[in-house]
Amino acid sequence: VMVVARFFGVLPLSGIRSNELPQRVRFRWLSPYILLFLGVSFFVIADFVLSAKLVSTNGLKLYTIGKLALGIIQFSSLCPLGSLSFSVICIFCFGAFINIATQWPVIMRETVRCEQIFLQPCYASPEGLKFGQNLKRWSLVLLLAATFEHLTYVGSALWSNYQQIHECKLEIGFWHNYFIRERQELFSVIPYNQWMLLFIEWSTLSMTFVWNFGDIFLALLCWGLRIRFQQLHWRIRQNLLASMGREYWQEIRSDLLDLHDLLKLYESKLSGLVLVSCSHNMYFICVQIYRSFRVKGALMDEFYFWFCLLYVIARLLNMMFAAASIPQEAQDIANSLYEVPSRFWCHDLDRLSEMLRNEAFALSGKGYFHLTRRLIFAVRLAQALTMFIFPLIPQMAAALMGYELVLFHEMKGTEAQKGTCTRGAGSSKSIFYS
């Protein structure tokens, strides 16, 4: 996963291959990998500027949305805000990851130091023995799901392009029309050039990857940390009813402190990414739920719309439940300590129990909210709007409701979108307009 992220310029790091020592992980501003980051950053900023130009020309509409592209909202020439929002999201995502990349060597060193503790025989729980295997399997599933979502879009876009060329009898090449449809904000100011297509496609894939990778990255880190808490819990339960000495509980408390310190390190370095991830997912789900009441289009377009919406909800749920499983596991450990017979209770065990009760074992979004199960399920059913239950904290739910009301207000008096053929080659009719 990290190698793929490096290829797309998301994490320009060296020494991240599985056969290399963690101590060799490096981030350097003067390295070949940083060129990939600079290349895609240039493209994202240019895309933002050109999309902003289209928005200034055509006007800003809060609800504006056109066809879905690459699992993200991308808009037609009449709907430039989607490409603008896409580029803004990607700018924040790339910014969050380059900040993480500069700190990743420190994060890796502390992670490896903590990992050595749980590789000892006393922590050989079933989950711990399959640690690497489970994470690799889960990362493969998440990447395949993201790939399938992207391929579903490509199939929908190719079919829509084919229909437009034949129904409108356009005298233009298939791929020429396809790429103009996909990147109207670019080809509206620069001439179509086949030599640029490779760079444009790689940059577009990078933007799509970083949009998916935030949730995948956080989910994998949280699942890994959760397994370590499970190993600690497993060791405690193995000796729960036995008379263990003071040294045993001191060691357990020391190992828990190391886990807590690692979690706090993740909290300080990853909270920005948590905030960006939850924010852009909330925006996407909010707009898509609103549009779900107005979907009218071809079968392929409607299928992609619903599949993409469900995919994003599932991806966000996976990330948030992975993060929320850490404080839940800490709570389970605290509950297990109450099963220790009173005759075996000691001062070190009391300090361990107090630590579990008083410390926060949860990631947050820059301190604005913490990812816990209690907060995830705090959203009332009425705030879900439709049949979907959103994994959002109350503040997010309030923002969601407010934004939906703004969307309904803004939609009053809007004009229907013109037909595809009336706008010539390179145009695309949104499936979300009546």
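Just so it is clear, the structure is predicted and the values come from calculations on it, not from any experiment.

Student: What is the right way to read helix α11 (residues 347–358) from this model?
Tutor: Two residues of an α-helix separated by three or four positions point the same way, owing to the 3.6 residues in each turn. Taking 1.5 Å per residue, 12 residues should reach 16 Å; α11 reaches 16 Å between its end C-alpha atoms and fits that length. Of the positions making up α11, those classed as buried are Asp348, Leu349, Leu352, Ser353, Met355 and Leu356. One face of α11 carries all of its buried residues, which in axial projection span an arc of 160°. Exposed residues on α11 whose side chains face more than 90 degrees from its buried face are His347 and Asn358. Residues of α11 that are buried in the fold lie against α9 (246–291) and α10 (299–337).

Student: Which parts of the structure should I look at to understand the layout of surface pockets?
Tutor: With a probe scaled to a water molecule rolled over the atoms, the places where space remains empty come into view. If you add up the space inside the largest pocket, you get close to 1200 Å³. Taken together, 32 residues make up the lining of the largest pocket; nearest its centre are Met2, Trp104, Met108, Phe131 and Leu135. Listing elements by their share of the lining of the largest pocket, those giving two or more residues are α1 (2–7), α3 (81–117), α5 (131–167), α8 (194–238) and α9. Among the elements that take part in the lining of the largest pocket, α3 stands out by supplying 7 residues, more than any other. Per-class residue counts for the lining of the largest pocket are 20 nonpolar, 7 polar and 5 charged.

Student: Can you walk me through the pattern of salt bridges in this structure?
Tutor: Pairing between side chains of opposite charge can happen when their charged atoms approach one another. Per the counting criterion, the structure on display carries 8 salt bridges. Between arginine 113 and glutamate 110 there is a salt bridge, with the nearest N and O atoms lying 3.3 Å from each other. Remark: glutamate 110 and arginine 113 occur in helix α3; sequence separation between them is 3 residues, near one turn of the helix. Note that arginine 246 and aspartate 348 form a salt bridge whose closest N and O atoms lie 3.0 Å from each other. Of this pair, arginine 246 sits in helix α9 while aspartate 348 sits in helix α11, and the two are 102 residues apart along the sequence. Judged by its relative accessible area of 53%, arginine 246 falls in the exposed class. Aspartate 348 gets classed as buried once you look at its relative accessible area, which sits at 5%. A cluster of three or more residues bridged by salt bridges with shared partners is formed by Glu110, Arg113 and Asp258.

The rules we used
Residues numbered from 1 in each chain as written. Predicted model: local features only at pLDDT ≥ 70, side-chain atom pairs only at ≥ 80, totals over all residues. Heavy atoms only, no water. Helix = DSSP H or I, 4+ residues; strand = E, 2+ residues; numbered from the N terminus. Expected span 1.5 Å × (residues − 1). Buried < 20%, exposed > 50% of the residue type's maximum accessible area, 1.4 Å probe, protein only. Arc of directions from axis to C-beta. Contact = heavy atoms within 4.5 Å. 1 Å grid on protein atoms, 1.4 Å probe; cavity = no way out; pocket = protein on both sides within 12 Å on 5 of 7 lines; lining within 4 Å. Points joined across faces, edges and corners; volume = space filled by probe spheres on them. Nonpolar A, V, L, I, M, F, W, Y, C, P; charged D, E, K, R; others polar. Salt bridge = Lys/Arg side-chain N within 4 Å of Asp/Glu carboxyl O.

Take it as geometry only, folks, not as evidence of what the structure does.
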